[in-house]
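Chain by chain, the residues:
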Amino acid sequence: TSSRINTTGKFTFKYGRVDVRAALPRGQGIWPAIWMLGENIETVGWPKCGEIDIMEMIGGSGRENTVHGTIHWDNAGSHANYGGNTILESGDFSDEFHVFSIVWDSEAITWYLDDKQYHVVDIIPSGLSEFHEDYHFLINMAVGGNWPGNPDNTTNFPQFFIVDYIRVFQED
């Protein structure tokens, strides 16, 4: 089954650094994610609220060595997104803990894996105003979905998405 932790109405964040130390699950159809949505989602909807994906890993087909960092926003009434990824030199993300981070300020969002930068996006253009608002956190492990597909007979259960810590360093 899928599960989610959501800080809507409990904790919001704007600008600073987020570090999440985690060991990820593996297997076809397994989709762990650490992400954020604009706190105003209830009034403006998605994607106008904006979405910052700190980390997503798509299980199966040997993809457990790759994580993605992406933003989603509204572009004149249409969904837009821009992302990057990084690949481990050896092994996969279930082998040991890794630190997934973003540094977010009024000019850019930068993604890191174990303190090594792998993606950056400029959020200065006026069409990216979603990324200058308060966001809440979501940590979830989806089982199945459009991107990873469904689990199959190669997927072993149970799977574990182990989060050691989440550290937030917020600017004043």
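What counts as what
Residues numbered from 1 in each chain as written. Predicted model: local features only at pLDDT ≥ 70, side-chain atom pairs only at ≥ 80, totals over all residues. Heavy atoms only, no water. Helix = DSSP H or I, 4+ residues; strand = E, 2+ residues; numbered from the N terminus. Rg over C-alpha atoms; globule rule 2.2 N^0.38 Å. Buried < 20%, exposed > 50% of the residue type's maximum accessible area, 1.4 Å probe, protein only. Contact = heavy atoms within 4.5 Å. Areas by Shrake-Rupley, 256 points an atom, 1.4 Å probe, with all protein chains shown as cover. Salt bridge = Lys/Arg side-chain N within 4 Å of Asp/Glu carboxyl O. Pairing = 2+ DSSP bridges. Axes fitted to C-alpha atoms, helices over the stretch in contact; angles between N-to-C directions. Core = buried A, V, L, I, M, F, W, Y, C linked by side-chain atoms within 4.5 Å.

**Digging into the overall build of the chain**
- Helices and strands together make up the secondary structure of the chain, namely one helix and 11 strands.
- For a compact globule of 172 residues, the expected C-alpha radius of gyration is about 16 Å, and the chain comes in at 16 Å, within 12% of that figure.
- Dimensions along the principal axes, computed over C-alpha positions, put the chain at roughly 45 × 30 × 30 Å.
- In the chain, which comprises 172 residues, the proportion classed as buried is 49%.
- Sequence-distant contacts, at least 24 apart, represent 68% of the contacts inside the chain between residues at least 6 apart.
- For the chain, the exposed surface amounts to about 8700 Å²; the carbon and sulfur share of it is 47%.

**Structural notes on the pattern of salt bridges**
- For the structure shown, the criterion picks out five salt bridges.
- For Glu 64, the salt bridge goes to Arg 26, with nearest N and O atoms at 3.7 Å. Residue Glu 64 is located in the loop between strand E4 (51–56) and strand E5 (66–75), and its partner Arg 26 is located in the loop between strand E2 (16–23) and strand E3 (30–38); the two are separated by 38 residues in the primary sequence.
- We classify Arg 26 as partly exposed; its relative accessible area is 36%.
- Of the charged contacts, one joins Arg 26 and Asp 92 as a salt bridge, the two residues approaching to 2.6 Å between their closest N and O atoms. Of the two residues, Arg 26 is situated in the loop between E2 and E3 and Asp 92 in the loop between strand E6 (78–87) and strand E7 (98–104); the sequence distance between them amounts to 66 residues.

**A look at the environment of Pro 125**
- Note that Pro 125 resides in the loop between strand E9 (116–122) and strand E10 (135–143).
- Pro 125 sits in the partly exposed class, given a relative accessible area of 42%.
- Spatially, the C-alpha atom of Pro 125 lies 9.0 Å from that of Glu 107, the residues being 18 residues apart in sequence.

**Here we look at the sheet that holds E7**
- Taken in spatial order, the five strands line up as E9-E8-E7-E2-E11 in an open sheet, and their pairing is antiparallel. Two strands bound the open sheet, and with one partner strand each, they are E9 and strand E11 (162–170). Within this sheet the neighbouring strands show an average axis-to-axis angle of 15°, counted without direction.
- Bridging between E7 and strand E8 (residues 108–113) involves five bridges; their strand directions are antiparallel. Bridging from a neighbouring strand, Ile 102 pairs with Trp 111 of E8.

**Comments concerning the nonpolar core**
- Counting 35 residues, the largest nonpolar core has Ile 52, Phe 100, Trp 104 and Ile 109 as the members making the most contacts within it.
- At the level of elements, E2, E3, E4, E5, E7, E8, E9 and E10 are the ones that each hand at least two residues to this core.
- At four residues, the largest contribution of residues to this core is made by E10.
- Here Phe 100 is in contact with Val 18, Asp 19, Val 20, Ala 22, Leu 24, Ile 34, Ile 54, Met 55, Val 67, Phe 93, Tyr 112 and Leu 113, once residues within four sequence places are set aside.
- Listed in part, the five residues of the second largest apolar core include Ala 33, Leu 37, Cys 49 and Leu 138.

**Some remarks on the side chain of Ser 101**
- Within the fold, Ser 101 resides in strand E7.
- Judged by relative accessible area, which is 0%, Ser 101 ranks as buried.

**Section: the sheet that holds E3**
- With antiparallel pairing, six strands are arranged side by side in an open sheet as E1-E10-E3-E4-E5-E6. Sheet topology places strand E1 (3–6) and E6 at the edges, where each strand pairs with a single neighbour. Taken pair by pair, the neighbouring strands of this sheet meet at an average axis angle of 15°, ignoring direction.
- Here E3 runs beside E10; their pairing, made up of nine bridges, is antiparallel. Directly across from Trp 35, in E10, lies its bridge partner Leu 138.

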